Amino acid sequence: MFPHDDALNEARRMRILLFGANGQVGHELRRSLAPLGDVVAVTRSGALEDGLTCEIADFDAPHALPGLIQRIAPDVVVNAAAYTAVDRAESDRDAAFRANAEAPQRIAEACAARDALLVHYSTDYVFDGTGTRPYREDDATAPLGVYGESKLAGEQAVQASGARHLIFRTAWVYAAHGKNFMRTMLRLAAEREELRVVADQTGTPTPAALIADVTALALSRPFARSGIWHLTAADQTTWHGFAEVIFDAAHARGLIARAPRVVPIATAEYPTPAKRPGYSVLDTTGLRSDFGVDLPDWSMALCGILDNMR
């Protein structure tokens, strides 16, 4: 999905340990990282989606993770595993913090011990959503719920570990596989003529493929400094706006028989255990400048994903 870069061919081949290889981003990373070297995939079950076996890691048992890193001896560790059940986290705080804070801490400390570079992903949910302009990397964080708190704690643990690191905050992630908003909308389009979708939360839908491609491009560059960067597609919309474009674009491509009516509603009309930020658009200026990437508009990126589903 991302323009080919000659740096991918010129980069030294490396040994990459990939946690969360079956997730939305992890699935795409297996593809995008392959040209860079030997990718050692890790999942909780020890199996990939295609039935092949791989390494096992349980983020509910973070103490076991350093041993795996020591045995594999990677040059780069990419952590695409996380506890992402935003609402369940409100009643499952310990599990969220084990996976999103303690596990990254153990991984980062093991990376520091062998000078491996760590790539870690975080979220727009570290912000409270009261901003009126896109959030910059150095803006004050103030998570509204347990999920955001645990992801922020993970960021801080990586930063404090002494490991060389690239932390990418992203948002509203979706893909042609896995559980996500786009796939839910496509399923519901076959079942309903009308859908009510929240219209007062604003952010940027971001395909997992884009996250994976930018990650590969960043790793192909010589390491310059550790830090946090915001990585999303360009521009912004609401969940209601996202749904409308999904239906129109999918219908135009023959993926759904009809485009349901999408009725805008307020967040208050769709109560959830976890409070969501009302505005969580991320400023990607730093990423575009430091890594020389040109990020696509979110709607164009969506059309690219749907084209590949035909």
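Here the structure is a predicted model, which means the values were calculated and not measured.

Draft legend 1. Structural context of empty space enclosed by the protein. Evaluated as defined, the whole model comprises two cavities of 30 Å³ or more. Within this model, the largest cavity holds a volume of roughly 40 Å³. Forming the walls of the largest cavity are Asp 124, Tyr 125, Trp 172, Gln 201, Trp 239, Pro 277 and Ser 280. Taken together, the residues of the lining of the largest cavity break down into four nonpolar, two polar and one charged.

Draft legend 2. Focus on the pattern of salt bridges. In total, this model carries 20 salt bridges according to the counting rule given. A salt bridge links Asp 58 to Arg 44; the nearest nitrogen and oxygen atoms lie 3.4 Å apart. Pair noted here: Asp 58 is in the loop between strand S3 (55–56) and helix H3 (65–72) and Arg 44 is in the loop between strand S2 (37–43) and S3, with a separation of 14 residues, a long-range link. For Arg 44, a relative accessible area of 59% puts it in the exposed group. Between Arg 106 and Glu 102 there is a salt bridge, with the nearest N and O atoms lying 3.6 Å from each other.

Draft legend 3. Broad picture of the sheet that holds strand S11 (residues 227–230). Pairing is parallel across the open sheet formed by seven strands, whose spatial order is S3-S2-S1-S4-S5-S6-S11. Of all the strands in the sheet, the pair left with one neighbour each is S3 and S11. Bridge analysis of strand S4 (residues 76–79) against strand S5 (residues 117–123) gives four bridges, and the strand direction is parallel. Paired with Val 76 across the strands is Leu 117, a residue of S5. Sheet strands touched by H3: strand S1 (14–19), S2 and S3. Its angle to S1, the strand with the most contacts, is close to 155°.

Draft legend 4. Up close: the pairing of strand S6 (residues 165–170). The buried count for S6 comes to six of six residues, which makes it a mostly enclosed element. In this sheet, S6 lies alongside S5 in parallel orientation, the contact comprising six bridges. Each bridged residue has a counterpart across the sheet, and for Thr 123 the counterpart in S6 is Thr 170. The pairing of S6 with S11 spans four bridges and is classified as parallel. Along S11, the bridge assignment pairs Leu 166 with Gly 227.

Draft legend 5. Structural detail: helix H6 (residues 181–189). Phe 181, Met 182, Met 185, Leu 186, Leu 188 and Ala 189 are the residues of H6 that are buried. Viewed end-on, H6 has its buried residues packed into an arc of 165°, placing them on one side of the element. Those residues of H6 that are buried are in contact with strand S7 (173–174), strand S8 (194–198), helix H8 (239–252) and helix H10 (298–307). N-capping of H6 is provided by Asn 180, with a side-chain oxygen placed 3.2 Å from the backbone N of Met 182.

Draft legend 6. Looking closely at H10. Residues of H10 that are buried: Trp 298, Ala 301, Leu 302, Cys 303, Ile 305 and Leu 306. Looking at the buried residues of H10, the elements they touch are S7, H6, strand S10 (206–207), helix H7 (208–220), strand S12 (237–238) and H8.

Draft legend 7. Structural detail: the side chain of Thr 206. Here Thr 206 is to be found in strand S10. Here Ala 171 takes part through its backbone oxygen, which lies 3.3 Å from a polar atom of the side chain of Thr 206. Not counting the four nearest positions on each side in its chain, Thr 206 is found in contact with Thr 170, Ala 171, Trp 172, Val 173, Tyr 174, Ile 211, Leu 231, Thr 232 and Ala 233.

Draft legend 8. Looking closely at the packing of H3 against helix H4 (residues 93–114). Where H3 contacts H4, the axes come no closer than 8 Å and their chain directions differ by 35°. The chirality of how H3 crosses H4 is right-handed. Contact residues: Leu 65, Pro 66 and Ile 69 in H3; Ala 103, Arg 106, Ile 107, Ala 110 and Arg 114 in H4. Taken together, the residues that form the contact of H3 with H4 break down as six nonpolar, no polar and two charged.

What counts and how
Residues numbered from 1 in each chain as written. Predicted model: local features only at pLDDT ≥ 70, side-chain atom pairs only at ≥ 80, totals over all residues. Heavy atoms only, no water. 1 Å grid on protein atoms, 1.4 Å probe; cavity = no way out; pocket = protein on both sides within 12 Å on 5 of 7 lines; lining within 4 Å. Points joined across faces, edges and corners; volume = space filled by probe spheres on them. Nonpolar A, V, L, I, M, F, W, Y, C, P; charged D, E, K, R; others polar. Salt bridge = Lys/Arg side-chain N within 4 Å of Asp/Glu carboxyl O. Helix = DSSP H or I, 4+ residues; strand = E, 2+ residues; numbered from the N terminus. Buried < 20%, exposed > 50% of the residue type's maximum accessible area, 1.4 Å probe, protein only. Pairing = 2+ DSSP bridges. Contact = heavy atoms within 4.5 Å. Axes fitted to C-alpha atoms, helices over the stretch in contact; angles between N-to-C directions. Arc of directions from axis to C-beta. Polar contact = N/O pair within 3.5 Å; in protein donor to acceptor, adjacent residues only side chain to side chain. Left-handed = near helix turned anticlockwise from the far one by under 90°.

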